Amino acid sequence: MTQTIALVTGANKGIGFETVRRLAELGWTVWLGARDAERGKAAVARLEGDVRLVSLDVTSDESVAGALATVQAESGRLDVLVNNAGIGGTWADAAETRPADFIGVYGVNVLGPVRMTSAFLPLLRRSAAPRLVMVSSGMGSFGITTDPDRLESTLHGLVYPSSKAALNMITSQYAKALTGVRVHAVDPGYTATDLNGHRGVQTVEEGADAVVQACTRDDLAGVFVDRVGSVPW
Ligand code: NAP
């Protein structure tokens, strides 16, 4: 059987780290993307299986080109790309939010996945069953953030939610454009990580469930999914 090869960005901690752990447990070769070499090495040291560190800052063309060269030289193709790296940014009141507040967050959450996808697409195209997984958020969903029964409807901010809404549309467009590539946006659910000062209500293991499912399952209905099933855009 051919070894499945995956790459997860922002994987030295949080949901990305847990995703790498679970995919490696399946016997996959997993590239653990980390922008900081020391944090990356420490993460790999805590994992078992075929986990390989790749230096990767998703805001840098040079860093992404270096990561592509490494994966291409050692693996020759990529089966699953998980664009997980993300930051929260400011959650100031809407009235207090300024254009400058968006720049860093959009750089990581929106332009990062596009930079990664466009760079790695040729390697994904060498796979017999390529997958593109975008780690989005329920905070980027109009349906979820306007549903009074959902916790996400009580969290307010312009920057992070709009970055994930943009990522959702980008994912939807990739899903239509990239013939032969299985494309999913994933809502991990509100998960206790550094991103939210560990206020999330799910464990990291629960948060990674939907990401792992999007990487492995062939029967997911819909493009935007959480750990239970399809969710509204
Ligand atoms: P986290 O624990 O803060 O991890 C974020 C990861 O992204 C870290 O490894 C971080 O690296 C990395 N990162 C940040 N900027 C980067 C860059 N420029 N290049 C490469 N890597 C970068 O957060 P998390 O909760 O696991 O978040 C993972 C994903 O899930 C994000 O896309 C987030 O939006 C999404 N999500 C999270 C929740 C939640 O409740 N936690 C809910 C919905 C969606 P450093 O350690 O070097 O900073």
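On a predicted model such as this, the values are computed, not experimentally measured, just so you know.

Caption draft 1: Fine view of the pattern of salt bridges. By the definition in use, this model includes 18 salt bridges. The salt bridge partner of Asp194 is Lys13, with a shortest N-O separation of 2.9 Å. Note that Asp194 is positioned in the loop between strand E6 (182-186) and helix H7 (204-216) and Lys13 in the loop between strand E1 (5-8) and helix H1 (14-25), a separation of 181 residues in sequence. A relative accessible area of 48% places Asp194 in the partly exposed class. Using a relative accessible area of 45% as the deciding quantity, one classes Lys13 as partly exposed. Several salt bridges converge on common partners, so that one network encompasses Glu18, Arg21, Arg22, Glu25, Asp209 and Arg227.

Caption draft 2: View of the nonpolar core. In this structure, Val20, Leu23, Leu32, Val82 and Val133 are the most contacted members of the largest nonpolar core, which totals 28 residues. Contributions of two or more residues to this core are made by E1, H1, strand E2 (29-34), strand E4 (80-83), strand E5 (131-135) and H7. Broken down by element, this core gets its largest block of residues, six residues, from H7. Non-local contacts of Leu23, meaning those with residues more than four positions away in its chain, are made with Ala6, Val8, Trp28, Val30, Val212, Cys215 and Thr216. Ranked by size, the runner-up nonpolar core spans 26 residues in total, among them Ile5, Leu7, Leu56 and Val71.

Caption draft 3: Focus on unusual backbone geometry. One non-glycine residue with positive phi stands out, namely His198, at about 60°. When you line up the elements, His198 lands in the loop between E6 and H7.

Caption draft 4: A look at the site of the ligand. Among the 30 residues in the neighbourhood of the ligand, the closest are listed as Arg35, Asn84, Tyr160, Thr191 and Thr193. One nitrogen or oxygen atom from the side chain of Asn12 is found 2.8 Å from an oxygen atom belonging to the ligand. Calculation on the ligand without its partners gives an accessible area of 910 Å², and the protein chains cover 95% of this total. For the shell around the ligand, the secondary structure elements donating two or more residues are H1 and helix H6 (159-177). A breakdown of the residues in the shell around the ligand according to their chemical character gives 12 nonpolar, 12 polar and six charged.

Caption draft 5: Inspection of the sheet that holds E4 at higher detail. Pairing within the open sheet is parallel, and its seven strands lie in the order E3-E2-E1-E4-E5-E6-E7. Only two strands of the sheet have a single neighbouring strand rather than two, namely strand E3 (51-55) and strand E7 (224-225). Where E4 and E5 come together, four bridges link them in parallel fashion. Counted as the bridge partner of Val80 is Arg131 from E5. Relative to E3, helix H2 (residues 37-45) is tilted by about 175°, and along the sheet it contacts E2 and E3. Running over the sheet, helix H3 (residues 61-75) touches E1, E2 and E3 and is turned about 150° from E3.

Caption draft 6: How the structure looks around the packing of H3 against helix H4 (residues 99-124). Here H3 crosses H4 at 25°, and the two axes come no closer than 10 Å. Relative to H4, H3 is oriented roughly parallel. For the pair H3 and H4, the crossing hand works out as right-handed. Here Asp61, Val64, Ala67, Leu68, Val71 and Gln72 of H3 come into contact with H4, specifically with Arg115, Met116, Ala119, Phe120 and Leu123. Of the residues in the contact of H3 with H4, the class split is eight nonpolar, one polar and two charged.

Calculation criteria
Here the residue numbering is sequential within each chain, running from 1 through the sequence in written order. Restriction of local features to residues with pLDDT of at least 70 applies here, the model being predicted, together with a cutoff of 80 or more for giving and counting side-chain atom pairs; totals for whole chains, interfaces and linings are based on all residues. The side-chain values count all of the structure's non-hydrogen atoms but skip hydrogen atoms and water molecules. By salt bridge we mean one thing: a side-chain nitrogen of Lys or Arg within 4 Å of a carboxyl oxygen of Asp or Glu. Runs of H or I in DSSP of at least four residues are treated as helices and runs of E of at least two as strands, each being numbered from the N terminus. Summary of the burial criterion: residues with accessible area below 20% of their type's maximum are buried, those above 50% are exposed, and those between are partly exposed, where the area comes from a 1.4 Å probe applied to protein chains only. By nonpolar core is meant a set of buried Ala, Val, Leu, Ile, Met, Phe, Trp, Tyr and Cys residues that side-chain atoms within 4.5 Å join together. Whether two residues touch is decided by their heavy atoms; if any such pair falls within 4.5 Å, the residues are in contact. In this text, near means that some heavy atom of the residue lies within 4 Å of the molecule or strand in question. A 3.5 Å cut-off defines polar contacts: any pair of N or O atoms within that distance qualifies, except that in protein one atom must be a possible hydrogen donor and the other a possible acceptor, and neighbouring residues in sequence count only when both atoms are side-chain atoms. Here the open area of atoms and residues is found with the Shrake-Rupley method and a 1.4 Å probe, where only the protein chains shown may cover a residue. Note on residue classes: Ala, Val, Leu, Ile, Met, Phe, Trp, Tyr, Cys and Pro are nonpolar, Asp, Glu, Lys and Arg are charged, and everything else, Gly too, is polar. Here, a strand pair is defined by DSSP locating no fewer than two bridges between the strands. Where helices are involved, their axes are fitted lines through C-alpha atoms of the stretch in contact, as for all axes, and angles between N-to-C directions lie from 0 to 180°. Here the angle decides the label: under 35 degrees means roughly parallel, over 145 means roughly antiparallel, 65 to 115 means roughly perpendicular, and every other value means oblique. By the definition used in this description, the sense in which the near helix is turned from the far one sets the handedness, with an anticlockwise turn below a right angle giving left-handed and a clockwise turn giving right-handed.

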